[in-house]
Each structure stands twice: as structure tokens, then as C-alpha cells.
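Each chain is listed here by its residues.
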Amino acid sequence: MKRGLITIVLAGLLMGSQAMAQEARTLRLGMQGTAGDPQFEGVTEAARIIKEKSGGRLTLEIFPNSQLGTFTEMMEQVTLGELDFTLNPFGGMDAWVPRAVLASTAYVVGDFDHLQKIIASDWGKGIVDEMRTEYKWRMVDSWYFGTRHTTAKKPIEKPADFAGMKLRVPNSAPLLTWAKAMGASPTPVAFAEVYLALQTNQVDGQENPLPIIDSMKFTEVQSHVSLTGHLVQDQLILMSEDTWNALEPADQKVVMEAFEAGGALNDKLVSEKEANLVSDFRERGITVIEPDKAAFQEAMKPVYADLDAKFGAGTVKTLLDLR
């Protein structure tokens with residue numbers, strides 16, 4: 001009798017452990033960001049919470065620094081269910097959902113809160129739904145990445161100050177359009193070569209978020225930082241729809257709560273870094289200009305008219321009115 005009872009207990013324990021093993025899952029996240037940046041800190045916090053709240057059944061493995069490929073390749077891996085998560089800007093979804101380009105057009109987005117209102121609007125939800133149904137990308141959260149500003153050897157206070165400037169911008173259609181609308185001459189330079197191009201006057205200025213301006217030491221060869229704030233960027237946390245559907249509702253809730261907490265940490269780190277850099281630049285003798293953005297937005301009106309003609313009359317105004 002005792003031997004039989006022991007056998008039954010052992011069998012039960014074995015079945016229980018097998019069930020737990022079947023439920024255990026490692027989720028994989030690929031990103032372009034590097035260890036130590038705010039996005040990496042955010043996903044690391046999300047990983048901690050996922051493991052803690054799931055009792056160790058779920059773990060999140062992070063692959064930074066484009067280890068799993070370019071952002072386009074990682075997006076495809078998420079579609080195929082080969083990768084569970086990746087990050088990409090909402091405005092950068094225009095390669096797949098063309099009208100999303102409005103969110104990466106200069107001065108359409110005023111600040112990160114405004115971007116969140118755009119994403120939550122009927123227009124934004126339409127894009128989010130199309131991403132999910134057409135490509136199996138489920139939006140989990142939107143994290144603040146930074147606001148792009150301009151450096152030069154002179155102050156940029158109005159669009160006329162851009163006239164004739166050889167301005168380095170990335171090979172991005174919205175940023176090329178912005179530079180031309182300001183009257184600058186957009187000049188392609190590989191990112192790794194921007195410092196030398198500024199130093200040798202191959203280009204007169206460049207634009208980037210403040211943390212990148214600082215880390216790349218552009219202020220060593222540029223005397224002015226003008227807070228043009230022409231583009232506010234986020235990073236969407238995108239999840240494979242197949243992965244989402246494979247999780248129990250309780251685990252779906254854990255994932256959402258974890259990335260919400262990770263996003264709060266990321267947003268805090270980015271915002272604090274931007275605020276601290278403004279005063280830090282001034283302490284270093286860099287002239288920081290805070291221009292009135294209204295004149296820059298006025299210069300974008302022909303671009304907005306073209307976008308309305310392409311995506312529907314009044315679309316840009318609808319998004320601007322969400323501020």
C-alpha cells in the first residue's frame with residue numbers, strides 16, 4: 001500500500017514538473033540600441049519584471065546592437081514568429097504603412113505627449129491595426145527616444161538662417177524634405193564620418209538628439225546648439241501576434257505591465273538626460289539657442305499641403321489639433 005502510494009505521489013510530481021516545463025518559455029527581443037542606453041535599460045527592467053511576475057516561467061532574452069540583423073530584418077523575423085519583440089519608431093512604419101510618414105514629418109509632432117495622442121487617435125489606431133493584421137506586429141507600448149535639434153557654427157533662430165547651409169541629415173525622406181523646406185542643402189555623410197565632415201567644413205551643420213550630439217562630441221567642432229526640435233521620435237515595442245496569441249491571458253497582462261514599467265524608466269532617463277545636457281552645454285561655453293518654432297512650421301506648409309493631397313485633405317491639421 002505504501003509503495004503504491006509513493007508511486008502515485010512520484011507520478012503526480014513528475015507530471016506536475018513536466019507541465020511546468022511545458023509552460024516555461026524564453027521570449028527573445030532584438031534591438032538596434034546598445035547596452036547602457038535608455039532603451040536597453042528599459043527592456044532590461046521589463047525582463048526583470050516578466051521573470052518576477054511569471055514566477056520564472058517566462059524569461060526575456062535581449063539581443064542589443066543589431067545582433068539579429070537590421071531593423072528591417074528583425075521586423076521580418078517578428079512577422080514570421082522567429083523573434084518575439086523588436087523596436088521601431090511609429091513614424092518609421094511608413095515603409096509598410098505609407099501614411100505613417102506624417103508622424104515623422106517635421107513639426108507635425110510637438111512633443112512626446114502629443115505623439116501619444118496621435119497614436120491613440122482614430123488615425124493612429126488605424127495604422128496600429130494595419131500593422132497587426134497585415135504584418136503580425138502588435139504594438140505593446142511607445143517609448144520616448146528623443147527630440148532632434150541642430151548644431152552649427154552660428155545661431156539658427158529662423159528658417160532664413162538655414163539658407164545655403166550644407167546640412168548633414170540621414171538618408172531619410174522626411175528629414176531630407178525638412179532640410180530643403182528650411183532652405184538648407186542636405187548633404188549625405190555616413191554617420192561615423194560626421195565629426196570629421198564638421199571639422200573640415202565639408203558640412204556646416206548637422207541634426208540629432210542631444211544625447212547623440214554629446215556622445216559623438218559634435219560640440220567640439222560646432223559652437224551653437226539650436227533647439228529646433230523639428231522631429232520628436234519614439235520607439236514602439238512591437239510583439240509578434242503569434243507570440244501574443246500563444247500566451248495565456250495572465251501572461252499577456254504580465255508582458256504589458258512589464259513593458260509599461262520599462263517604458264516609464266526609459267522615458268525618465270531620456271528626459272533627464274536631455275534636460276541636463278542643455279545646462280551642461282552652456283556650462284561648457286556652448287551657445288544654446290531656443291528659437292520660436294512657429295516660423296519653422298510655417299515654412300513646412302507646402303510640404304503639409306502635399307501630404308494632404310496624398311493622404312486626405314485636412315489630415316495634417318487633424319493631427320496638429322491633437323496637441
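Here, the structure is the one placed above.
What counts as what
- Residues numbered from 1 in each chain as written.
- Predicted model: local features only at pLDDT ≥ 70, side-chain atom pairs only at ≥ 80, totals over all residues.
- Heavy atoms only, no water.
- Core = buried A, V, L, I, M, F, W, Y, C linked by side-chain atoms within 4.5 Å.
- Buried < 20%, exposed > 50% of the residue type's maximum accessible area, 1.4 Å probe, protein only.
- Helix = DSSP H or I, 4+ residues; strand = E, 2+ residues; numbered from the N terminus.
- Salt bridge = Lys/Arg side-chain N within 4 Å of Asp/Glu carboxyl O.
- Axes fitted to C-alpha atoms, helices over the stretch in contact; angles between N-to-C directions.
- Parallel < 35°, antiparallel > 145°, perpendicular 65-115°, else oblique.
- Left-handed = near helix turned anticlockwise from the far one by under 90°.
- Contact = heavy atoms within 4.5 Å.
- Nonpolar A, V, L, I, M, F, W, Y, C, P; charged D, E, K, R; others polar.

### Regarding the nonpolar core
Ranked by size, the top nonpolar core spans 52 residues in total, and within it Phe90, Met93, Phe162 and Trp178 carry the most contacts. Those elements giving two or more residues to this core turn out to be α3 (71-80), α4 (112-120), α5 (122-135), β4 (137-152), α6 (173-182), β8 (224-240), α12 (301-311) and α13 (315-320). Among the nonpolar cores identified, the runner-up in size contains 24 residues, and Ile50, Leu60, Ile62 and Val254 belong to it.

### Brief notes about unusual backbone geometry
A positive phi angle, close to 65°, is found at lysine 136, a residue other than glycine. Within the secondary structure layout, lysine 136 lies in the loop between α5 and β4. At lysine 217, a residue that is not glycine, the phi angle is positive and equals roughly 60°. If you trace the backbone, lysine 217 turns up in the loop between α8 (210-215) and β8.

### A closer look at the pattern of salt bridges
Per the counting criterion, the structure on display carries 19 salt bridges. The residue glutamate 257 makes a salt bridge to lysine 53 at a minimum N-O spacing of 2.9 Å. Within this pair, whereas glutamate 257 is found in helix α10 (residues 249-283), its partner lysine 53 is found in helix α2 (residues 38-53), the two being separated by 204 residues in sequence. Glutamate 257 sits in the partly exposed class, given a relative accessible area of 27%. Residue class for lysine 53 comes out partly exposed when judged on its relative accessible area of 46%. Here arginine 148 and glutamate 207 are joined by a salt bridge, their closest N and O atoms 2.6 Å apart. With arginine 148 in strand β4 and glutamate 207 in strand β7 (residues 205-209), the pair connects residues that are 59 residues apart, well separated along the chain. Taking relative accessible area as the criterion, arginine 148 reaches 8% and is therefore assigned buried. One salt-bridge network, in which partners are shared between bridges, spans Glu45, Arg48 and Glu52.

### Points about the packing of α2 against α10
In contact at an axis separation of 8 Å, α2 and α10 are set at 150° when each is read in the N-to-C sense. Judged by the inter-axis angle, α2 sits roughly antiparallel to α10. For α2 against α10, the interelement crossing comes out right-handed. Across the interface between the two elements, Pro38, Gln39, Glu41, Gly42, Val43, Glu45, Ala46, Ile49, Ile50 and Lys53 of α2 pack against Val254, Glu257, Ala258, Phe259, Ala261, Gly262, Leu265, Asn266, Leu269 and Val270 of α10. Residue classes in the contact of α2 with α10 are distributed as twelve nonpolar, four polar and four charged.

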